[in-house]
Amino acid sequence: MDMSEIYAEHGYHVYRRCLRLLKNEQEAQDVLQDVFLKLSLQQNKLTEPYNVLPWLYRVTTNACID
């Protein structure tokens with residue numbers, strides 16, 4: 001799975017999670033960008049496609065808390 005496919009499939013859900021936690025559209029967009037940047041740097045470690053969504057939610061939640 002390449003980054004564009006992952007973003008197309010999960011980007012909206014990650015954004016909604018950010019928005020739900022932060023309650024600010026601009027901050028949610030910033031965190032969304034940060035999460036997918038982290039994913040691009042860690043993508044080689046995520047060998048199984050089913051690992052992507054839990055990873056995204058965990059990193060998103062942690063980024064919103066920070």
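Residues numbered from 1 in each chain as written. Predicted model: local features only at pLDDT ≥ 70, side-chain atom pairs only at ≥ 80, totals over all residues. Heavy atoms only, no water.

Caption draft 1: Representation of the side chain of His10 in the model. Within the secondary structure layout, His10 lies in helix H1 (residues 3-22). Excluding residues that lie within four positions of it along the chain, His10 makes contacts with Phe36, Val52, Leu53 and Leu56. (Helix = DSSP H or I, 4+ residues; strand = E, 2+ residues; numbered from the N terminus. Contact = heavy atoms within 4.5 Å.)

Caption draft 2: Layout of the packing of H1 against helix H3 (residues 52-65). Packing of H1 against H3 leaves a shortest axis separation of 10 Å and a crossing angle of 30 degrees. Our classification of the angle between H1 and H3 gives roughly parallel. Two packed elements cross with a definite hand, and for H1 against H3 that hand is right-handed. Counting all contacts with H1, which are made through Ile6, His10, His13, Val14, Arg17, Cys18, Leu21 and Leu22, the residues of H3 involved are Val52, Leu53, Leu56, Tyr57, Thr60, Thr61 and Cys64. For the contact of H1 with H3, the residue count by class is ten nonpolar, four polar and one charged. (Axes fitted to C-alpha atoms, helices over the stretch in contact; angles between N-to-C directions. Parallel < 35°, antiparallel > 145°, perpendicular 65-115°, else oblique. Left-handed = near helix turned anticlockwise from the far one by under 90°. Nonpolar A, V, L, I, M, F, W, Y, C, P; charged D, E, K, R; others polar.)

By themselves, these figures tell us nothing about what the structure is for.
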